[in-house]
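# Fold and geometry: a report
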Amino acid sequence: MSSQLHSRNHDRDAVGMRYVYPVISRRAGGVSVGINLNPNNACNWHCTYCQVPGLKRGVAPEIDLELLRRELSTLLDEILNGDFMLQRVAEGSRQLCDIAISGNGEPTSCRAFDAVVEVILAVMSEFSLSVPLRLISNGSYLHKADVQRGLRLMAACNGEVWVKVDAVSSEAILRINGIKLDAARLRKQVEAVALLCPTWIQTCLMAWDEQPPAEAEMQRYIEFLAQLQRDGVPLCGVLLYGLARPSLQAEAKHLKPLDAGWMEMVAARIEASGLKVKLSL
């Protein structure tokens, strides 16, 4: 019998498919069917906590849409009509919670992102699925027309986006996410996503060399969220989480999880800014 899935291992090869994989998601609260559009392990960001082996700079390859359709149909059939849940999932997690466009890099870097969304929505319709279709993204490709159309398609079908905001200062973003990005451009990305599709901000916090994020950085982060609220940017809330799986990047030696009390304190500060928080430790 194949090994059981668990939240601390998001193996993209768990069922031997190119694009589709099942995981136990802490944030979704059960089985999430992932769509990996970056099987080449390429991303335009380099997050220090990323668990992707052999991560490299780049974009997604051409996607075989027919193979994606077959793989998604096959796995959904096993989950919904076969013994997958009994064989691979612990009793308390035996519910399909979502389909998540995520994986080993930034998914919106693929060409014809809207065509990918169309395929996924068509398969979901065939199974009469009402679970959310989620996109987990760093928001950096919102200028692409195919991405904008894909997000509109998702919004029309009760979809949502989890957009990455781990830090706000240019220095912290460079250290944590490995890119040059300032608060103004980050704000434009978040706002652009939120205006196209229901959006949660997704934030991972961690200790660096035994130290939590500096108070000045946390103040800038909280003010960033508060300004979005004051300006009426339509956000669902913040998904706040800590380290759950080991980083496979060179920077892993600097990283450690923050204690629960510290994370709960940050969650309370975010809620005080007017945003709902879902905390995953």
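Everything discussed here concerns the structure shown above.
Counting restarts for each chain: residues are numbered from 1 in the order of the written sequence. Thresholds applied to this predicted model are a pLDDT of at least 70 for local features of residues and 80 or more for the giving and counting of side-chain atom pairs; totals over whole chains, interfaces and linings are not thresholded and use all residues. Hydrogens and waters are ignored; side-chain quantities use all the structure's heavy atoms.

### Here we look at the nonpolar core
Filter applied, for reference: Residues belong to one nonpolar core when they are buried, are Ala, Val, Leu, Ile, Met, Phe, Trp, Tyr or Cys, and are joined through side-chain atoms within 4.5 Å. Each residue's exposure class comes from its accessible area (1.4 Å probe, protein chains only) as a fraction of the maximum for that residue type: buried when under 20%, exposed when over 50%, partly exposed otherwise. Segments assigned H or I by DSSP are reported as helices when at least four residues long, segments assigned E as strands when at least two residues long, and all are numbered from the N terminus. In what follows, a contact means two residues having at least one pair of non-hydrogen atoms within 4.5 Å.
Counting 90 residues, the largest nonpolar core has I99 and I270 as the members making the most contacts within it. No other element matches the eight residues that helix α3 (residues 113-126) contributes to this core. For I99, the contacting residues outside a window of four places in its chain are V33, I35, L72, L76, I120, M124, L129, V131, P132, L133 and R134.

### Focus on the sheet that holds strand β6 (residues 133-137)
The condition is simple: Strand pairing is assigned whenever DSSP detects at least two bridges linking the two strands. Angles run from 0 to 180 degrees between N-to-C directions of axes, and those axes are lines fitted to C-alpha atoms, restricted for helices to the stretch in contact.
Here we have eight strands laid out as an open sheet, ordered β1-β2-β5-β6-β7-β8-β10-β12, and mixed in their pairing. Two strands close off the open sheet at either side, each with one partner strand: β1 (20-25) and β12 (277-280). Averaged over all pairs of adjacent strands, the angle between strand axes in this sheet comes to 25°, irrespective of strand direction. Against the sheet, helix α4 (residues 145-156) touches β6 and β7 (160-164), its axis set at about 145° to β6.

### What to know about the pattern of salt bridges
Keep this limit in mind: Here, a salt bridge means any side-chain nitrogen of Lys or Arg that lies within 4 Å of a carboxyl oxygen of Asp or Glu.
Using the criterion set out here, one finds 13 salt bridges in the structure. Between E62 and R111 there is a salt bridge, with the nearest N and O atoms lying 2.8 Å from each other. One end of the pair, E62, is in the loop between β4 (56-57) and α1 (65-81); the other, R111, is in the loop between β5 (96-102) and α3, with 49 residues separating them in the sequence. Note on accessibility: E62 and R111 belong to one class, exposed. The shortest N-O distance in the salt bridge between E191 and R187 comes to 3.2 Å. Taken together, the residues span about one helical turn, with E191 and R187 both in helix α6 (residues 183-196) at a distance of four residues.

### Quick notes on the pairing of strand β2 (residues 30-36)
Taking burial as the measure, the seven residues of β2 include seven buried ones, the bulk of the element. The sheet contact formed by β1 and β2 spans six bridges and is antiparallel. If you follow Y21 over to β2, its bridge partner there is G34. The pairing of β2 with β5 spans six bridges and is classified as parallel. Within β5, the position partnered with S32 by the bridge is D98.

### Concerning the packing of α6 against helix α7 (residues 215-230)
Packed helices, taken two at a time, are described by the angle between their axes plus the distance between the axes. Our working rule: Relative orientations are named as follows: roughly parallel for angles under 35 degrees, roughly antiparallel for angles over 145 degrees, roughly perpendicular for angles from 65 to 115 degrees, and oblique for any other angle. Helix crossings get a hand from a simple test, with the near helix turned counterclockwise from the far one by less than a right angle marking a left-handed crossing and a clockwise turn marking a right-handed one.
At a closest axis distance of 12 Å, the pairing of α6 and α7 adopts a crossing angle of 45°. Classified by the angle their axes make, α6 and α7 are oblique. Two packed elements cross with a definite hand, and for α6 against α7 that hand is right-handed. Along the contact surface, α6 presents A183, L186, R187 and V190, while α7 presents F224, Q227 and L228.

### Concerning the environment of I222
Examined against the element boundaries, I222 turns out to sit in helix α7. Relative accessible area serves as the criterion here: at 13%, I222 is assigned to the buried category. Taking the C-alpha atoms as reference, I222 lies 19 Å from N177; in sequence the two are 45 residues apart. Ignoring any residue separated from it by four or fewer positions in sequence, one finds I222 in contact with R269 and I270.

### Digging into the packing of aromatic side chains
The condition is simple: Geometry of aromatic contacts follows a simple scheme: Phe, Tyr and Trp rings, the Trp one being its six-membered ring, pair when their centres are within 6.5 Å, and the pair is stacked under 30 degrees between planes, edge-to-face over 60, tilted otherwise. A ring is considered to have a charge above it if a Lys NZ or an Arg CZ atom is located within 6 Å of its centre and within 35 degrees of its normal.
Following the criterion strictly, the structure yields zero aromatic pairs and no others. A cation over an aromatic ring shows up here: R175 above the ring of W208, its NZ or CZ 5.0 Å from the ring centre.

### Observations regarding the pairing of β1
Of all six residues in β1, six are buried; the element is thus mostly enclosed. Of the two faces of β1, the one lined by V20, P22 and I24 and the one lined by Y21, V23 and S25 are each fully buried.

### As for α3
Which entries qualify depends on this criterion: To estimate how far a helix should extend, the number of its residues minus one is multiplied by 1.5 Å.
Counted at 1.5 Å a residue, the expected span for α3 with its 14 residues is 20 Å, and the 20 Å between its end C-alpha atoms agrees. Counting buried residues in α3 gives ten out of 14 residues, a clear majority hidden from the surface. Listed in full, the buried residues belonging to α3 are F113, D114, A115, V116, V117, V119, I120, L121, V123 and M124. Residues of α3 that are buried in the fold lie against β2, α1, β5, β6 and α4. Once α3 ends, the next one or two residues include S128, with phi positive near 55°.

### Quick word on unusual backbone geometry
Its identity as a non-glycine residue notwithstanding, N41 has a phi of 60°, on the positive side. The exposure class assigned to N41 is buried, which follows from its relative accessible area of 15%. Not every positive phi belongs to a glycine, and N158 is a case in point at roughly 65°. Locating N158 in the fold gives a position in the loop between α4 and β7. On the basis of relative accessibility, which here comes to 60%, the residue N158 falls in the exposed class.

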